Amino acid sequence: MTDSNTAVTFLPDGNVCTPKGFRASGIHCGLRRNKTKKDLALIVSDVPAAAAAVYTLNAVKGAPIAVTKANIADGRAQAMLCNSGNANTCAPNGEAIARKMCMLLAEASGLSADDVIIASTGVIGQPLPIEPIATGMKPLVDALSYEGGEDCAAAIMTTDLVAKHCAVTVDIGGKTVTVGGIAKGSGMIHPNMATMLVFITTDAAISSEMLQKAVSTDVQNTFNMISVDGDTSTNDMLSVMANGLAGNAEITAAGADFDAFAAALHTVTSHLSRAIARDGEGATKLLTCTVTGATDDATARVLARSVISSSLVKTAMFGSDANWGRVLCALGYSGAPFNPEAADVSFASSAGIVDVCSAGRALDFSEELAKKVLLEKEVSIIVTLHDGDADATAWGCDLSYEYVRINGDYRS
């Protein structure tokens, strides 16, 4: 599939090993009781890479975030190490444990401990035992492979039902540049770095400053536009390593090359965002809310996020109930300015489209058609305002009985 506007070619089977010069691995080291579940993941670039990251805005942050911030303060990294099963948050000696993980990798691989992006995901508030990680580090390094991306994607999963990965290619200055990514996220997902981890690799040559600019701008329309349950995690992180092996002229300023890279990055991040929303804990449907006709982009984003985050909207979608008043209600308490008496609402899916509200008032619509539309696995909530030209899209999922079951005994 190719985006005709940006000449970005999408590779659904791609991952972090699709760009040149990246190896990855994923193993079970013993952090998780289920031995069939991988729990330690590694990505290594053949050469030092430019690095950038964005993090959760939760005031309570996982220890690995502080260590990663310090490690990539110079804009460089060469490896990403992540464990699942334990978040290393609000735990004794958390930062010391995160630094020890970096040192163990350095000893086993010959890399510098200061060039490691470190991450953890899982249960909050429990000590992270270092012994399984120490025992597993050499096997993890030995397993590194240019075909190891899928094992790596599996090792960062917690309650995820499916591994999330993709890649794209784009022409930059006559060179084929590749961007690949993996993500985990199923619950504790909400805007402000929606427990979500995203690791992106690229063989583009780009300065760390421009890489940070691209990432910080992009998340506003991708990972900050998804919500599963209204809880912003303590460990959310998106990190990128760019090793320059594509051979393009280094991108150091805004321009056509930067725009092409940003388009490629956005294709990866928007796909992974949708994949996280689709795989929400207990979810039966992917929900997309598109708001058009808002006064400005920021307003459109707030309105779309409010709808996709509403528990009442989500439960109505689970029950395939065209209760459009809940959509208008969510718009109204969002805090964003709009004219309720000029708002239109429709529901759409592969089964058709049904208009349910016009100018803030009920329309006479077929309940039978609405039910058919909302029974599909992907449902769009379309809000049309008449206040301006701005638009935004947010992604989420329905809220089912299964979500309560999963989170009622998460620690066990």
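Residues numbered from 1 in each chain as written. Predicted model: local features only at pLDDT ≥ 70, side-chain atom pairs only at ≥ 80, totals over all residues. Heavy atoms only, no water.

Trainee: Looking at this model, I keep getting lost on the pairing of strand 14 (residues 352-358). Mind explaining?
Mentor: Regular strands have side chains that alternate between both faces of the sheet. Sheet analysis places strand 13 (residues 344-349) next to strand 14, joined by five bridges and oriented antiparallel. If you follow A348 over to strand 14, its bridge partner there is I353. If you look at the hairpin formed by strand 13 and strand 14, you'll find two residues sitting between the two strands. Summarising the sheet, strand 14 and strand 15 (residues 361-362) pair through two bridges and their orientation is antiparallel. Across the sheet, the residue bridging to C357 is A362, located in strand 15. Connecting strand 14 to the antiparallel partner strand 15 that follows it, the hairpin turn spans two residues, and A359 within it adopts a positive phi of roughly 55 degrees. (Pairing = 2+ DSSP bridges. Helix = DSSP H or I, 4+ residues; strand = E, 2+ residues; numbered from the N terminus.)

Trainee: Is there a simple way to think about the pairing of strand 9 (residues 197-202) in this case?
Mentor: Counting buried residues along strand 9, six of its six residues qualify, which places the element largely inside the surrounding structure. Here strand 8 (residues 175-184) runs beside strand 9; their pairing, made up of six bridges, is antiparallel. Considered in strand 9, the bridge of G180 is made with T201. Where strand 9 lies against strand 11 (residues 237-242), six bridges are found, and the strand directions are parallel. If you follow I200 over to strand 11, its bridge partner there is V240. (Buried < 20%, exposed > 50% of the residue type's maximum accessible area, 1.4 Å probe, protein only.)

Trainee: Looking at this structure, I do not really get the sheet that holds strand 16 (residues 378-384). What am I missing?
Mentor: Two orientations exist for strands paired in a sheet by backbone hydrogen bonds: parallel and antiparallel. Overall, mixed pairing links the seven strands, which are arranged 10-17-12-16-13-14-15 in an open sheet. At either end of the open sheet lies a strand with only one pairing partner, and these are strand 10 (226-227) and strand 15. Helix-sheet contacts for helix 8 (residues 311-318) involve strand 10, strand 12 (286-294), strand 13, strand 16 and strand 17 (390-397), and the interaxial angle to strand 16 is about 135 degrees. Strands strand 13, strand 14 and strand 16 of the sheet are contacted by helix 10 (residues 367-374), whose axis makes an angle of about 120 degrees with strand 14. (Contact = heavy atoms within 4.5 Å. Axes fitted to C-alpha atoms, helices over the stretch in contact; angles between N-to-C directions.)

Trainee: Would you take a moment to explain the pattern of salt bridges for this structure?
Mentor: Where charged atoms of side chains with opposite charge meet at close range, the side chains can pair. Scanning all chains against the criterion turns up five salt bridges. Between D46 and R23 there is a salt bridge, with the nearest N and O atoms lying 3.6 Å from each other. Here the residue D46 occupies a position in strand 4 (residues 40-55), and R23 occupies one in strand 3 (residues 22-27), the gap between them amounting to 23 residues. Two residues, E378 and R274, come together in a salt bridge whose shortest N-O distance is 3.5 Å. (Salt bridge = Lys/Arg side-chain N within 4 Å of Asp/Glu carboxyl O.)

Trainee: Looking at this structure, I do not really get the state of the cysteines. What am I missing?
Mentor: By definition, a disulfide links the sulfur atoms of two cysteines through a covalent bond. Tallied over the full model, the rule gives zero disulfides. Summary of cysteine pairing: C82 is not part of a disulfide, and the nearest cysteine sulfur, belonging to C152, is at 7.9 Å. When its relative accessible area of 0% is taken as the criterion, C82 is described as buried. A disulfide-free cysteine, C397 has its sulfur positioned 14 Å from the sulfur of C289, the nearest such atom. For C397, a relative accessible area of 0% gives the class buried. (Disulfide = S-S within 2.5 Å.)

Trainee: I keep staring at the side chain of T267 and nothing clicks. Help me out?
Mentor: Here T267 lies in helix 6 (residues 256-278). Filtering out sequence-adjacent residues up to four positions away, T267 remains in contact with V8, F10 and V168.

Trainee: Help me out: how do you make sense of the side chain of S45 in this one?
Mentor: Looking at the secondary structure, you find S45 in strand 4. At 2.6 Å, the side chain of S45 and the backbone oxygen of V47 are in polar contact. Among the polar contacts made by the side chain of S45, one reaches the side chain of N243 at a distance of 3.4 Å. The residues contacting S45, other than those within four sequence positions of it, are G21, F22, Q78 and N243. (Polar contact = N/O pair within 3.5 Å; in protein donor to acceptor, adjacent residues only side chain to side chain.)

Trainee: Just to check I follow, could you spell out the environment of N235 for this structure?
Mentor: Considering the arrangement of structural elements, one finds N235 in the loop between strand 10 and strand 11. A residue is classified by how much of its surface remains accessible, and N235, at 4% relative accessible area, is buried. Taking the C-alpha atoms as reference points, N235 and L197, separated by 38 residues in sequence, lie 7.7 Å from one another.

Trainee: How should the packing of aromatic side chains be read in this particular structure?
Mentor: Applying the stated criterion across every chain, the model contains one aromatic pair. Residue placement shows K69 over the ring face of Y55; its charged tip is 5.1 Å from the ring centre. (Phe/Tyr/Trp six-rings, centres within 6.5 Å; stacked < 30°, edge-to-face > 60°. Lys NZ or Arg CZ within 6 Å of the ring centre and 35° of its normal.)

Trainee: Sorry, what's going on with the environment of D398 here?
Mentor: By the secondary structure assignment, D398 is in the loop between strand 17 and helix 11 (401-408). C-alpha separation for the pair D398 and S216, spaced 182 residues apart in sequence, amounts to 28 Å. In contact with D398, other than residues within four places in its own chain, are A283, T284, K285, L287, K314, M317 and F318. Among the polar contacts made by the side chain of D398, one reaches the side chain of T284 at a distance of 2.2 Å. Polar contacts involving the side chain of D398 include one to the main-chain amide nitrogen of K285, which spans 3.1 Å.

Trainee: Could you clarify how one ought to interpret helix 10 in this entry?
Mentor: What sets the pattern is the α-helix's 3.6 residues per turn: residues three or four places apart point alike. Inspection of helix 10 places A370, V373 and L374 among the buried residues, and these make up the whole buried set. Projected onto a plane normal to the axis of helix 10, the buried residues spread over an arc of 90 degrees and lie on a single side. (Arc of directions from axis to C-beta.)

Trainee: Honestly, the domain arrangement of the protein in this entry has me stumped. Any pointers?
Mentor: A common way to express how large an interface is: the accessible area buried when the components associate. Taken domain by domain, the protein holds domain 1 (8-279) and domain 2 (286-409). For domain 1 and domain 2, the distance between their C-alpha centres works out to 31 Å. Opposite the 17 residues of domain 1 that make contact, domain 2 presents 17 residues. Taken together, the connections running from domain 1 to domain 2 amount to one salt bridge. At the boundary of domain 1 with domain 2, the tally comes to three residue pairs in polar contact (both at pLDDT 80 or more). (Domains from an automatic or database assignment.)

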